[in-house]
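Structural overview for review
Take a look at the letters that make up each chain.
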Amino acid sequence: MLWRVDSAEAAEQWWHALGPARQGTLLPGWTSTTWSLVLLRAFGVEPDSEAARQAVGLVRENVRWEHGAEPFFSREAEPCINGRTVALGAYFAVDVARIVERLLGERMADGGWNCEQESGSTRGSFHTTIDVLEGLLEYESAAGGAPAVADARLRGQEYLLEQRLFRRLSTGRTIDQDRKTDSPAAWTQFSYPPFWHYDVLRGLDYLRAAGVPPDDRVAEAIDLVRSKRDADGRRPLENPHPGELHFPSTTAKESPAGGTPCGPCACSGGMSSGR
């Protein structure tokens, strides 16, 4: 069922239609409050529209995290969630300075971030780092470029570049095992929406948005994106992430162009390898 949410009454009907199992803060994916806001931002909803202000205001005043019952725009325990929340807060004009301050203190020695840091991890995570980088970039755009924020973001950005977006720093080999999911890494397969998952296209899209100058270290990643282009100039949806969605999404089997068109990402001129 699809709802046109253009009034408070329609919004209430839509919310109740989801049912308790789909009304969480972070869980379930991908219909909870967090992922609904992530989708609204990704789809380019006007953040200062009346409907957006009302919806985000209700989240700010009423929604709390499952872990610790902290207010939504206060903070959560994990940097991946906090990075995402910073991106949402900055986009929808909510003060998230306290979360940013916490993230700056959680950056690891290699420049990245990792949600498993509290469990003893000493290395950054691609999944966590991309969430934090996107959040800090959105925050800089909205609040201005505080030197400490820019420095942390640039170091985290270097974490991705040093590994050429999908290779091990120690051996140069393609990362073939995802420590987060304990399954084969699928970072060379593209998805949309990516939700919390990292892939090469998402990494390139961040670099494009950040205005990163040409860098030979992304040449291989750009070639990978180019290689997947079909006759219509689009790329396949290769890795849809399991979970319930608010509305049907085109699947890889339905259309070879069912995923994300490259748009302004690196392979279409927003950033080049410098070659």
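1. With respect to the overall build of the protein
For the protein, the helix and strand inventory stands at 9 helices and 2 strands. From first element to last, N terminus to C terminus, the protein shows the α and β order α-α-α-α-α-α-α-β-β-α-α. Put simply, the protein has 275 residues, and 46% of those count as buried. Counted over contacts in the protein with a minimum sequence separation of 6, partners at least 24 positions apart contribute 60%. A total of about 14000 Å² of accessible surface is found on the protein, and carbon and sulfur atoms cover 51% of it.

2. Description of the nonpolar core
The biggest cluster of nonpolar side chains holds 57 residues, and the ones touching the most others in it are Phe-72, Phe-73, Leu-165, Leu-204 and Leu-207. If you list the elements that add at least two residues to this core, you get helix H2 (33–42), helix H3 (50–62), helix H4 (79–91), helix H5 (97–106), helix H6 (126–143), helix H7 (147–162), helix H8 (200–209) and helix H9 (219–227). The biggest single contributor to this core is H6, with 7 residues.

3. A closer look at H3
Between its terminal C-alpha atoms H3 stretches 18 Å, which fits the 18 Å expected from 13 residues at 1.5 Å a residue. Among the residues of H3, Ala-52, Val-56, Gly-57 and Val-59 are the ones counted as buried. The buried residues of H3 occupy one face: seen down the axis, they fall within an arc of 160 degrees. Counted as exposed and oriented over 90 degrees from the buried face of H3: Glu-50, Ala-51, Leu-58, Glu-61 and Asn-62.

4. So, the confidence of the model for the protein
Interpretation of this model should avoid reading the predicted coordinates in detail wherever pLDDT is low. Here the protein shows a mean pLDDT of 86. Residues at 70 or above account for 83%. Across residues 1–5, confidence stays below pLDDT 50; counting only partners more than four residues off in sequence or on other chains, it has 11 contacts. Counted against residues more than four places away or in other chains, residues 251–270, with its pLDDT under 50, gives 42 contacts.

5. Some details on unusual backbone geometry
A cis amide bond links Leu-27 with the next residue in sequence, Pro-28, at an omega value of 0 degrees. Inspection of the secondary structure assignment puts Pro-28 in the loop between helix H1 (8–18) and H2. Each neighbour pair has its own omega, and for Gly-29 with Trp-30 the value is 15 degrees, a cis peptide bond. Inspection of the secondary structure puts Trp-30 in the loop between H1 and H2. The backbone of Ala-93 shows a phi angle near 60 degrees, a positive value even though the residue is not glycine. Structurally, Ala-93 is set in the loop between H4 and H5.

Basis of the calculations
Residues numbered from 1 in each chain as written. Predicted model: local features only at pLDDT ≥ 70, side-chain atom pairs only at ≥ 80, totals over all residues. Heavy atoms only, no water. Helix = DSSP H or I, 4+ residues; strand = E, 2+ residues; numbered from the N terminus. Buried < 20%, exposed > 50% of the residue type's maximum accessible area, 1.4 Å probe, protein only. Contact = heavy atoms within 4.5 Å. Areas by Shrake-Rupley, 256 points an atom, 1.4 Å probe, with all protein chains shown as cover. Core = buried A, V, L, I, M, F, W, Y, C linked by side-chain atoms within 4.5 Å. Expected span 1.5 Å × (residues − 1). Arc of directions from axis to C-beta. pLDDT = per-residue confidence, 0-100.

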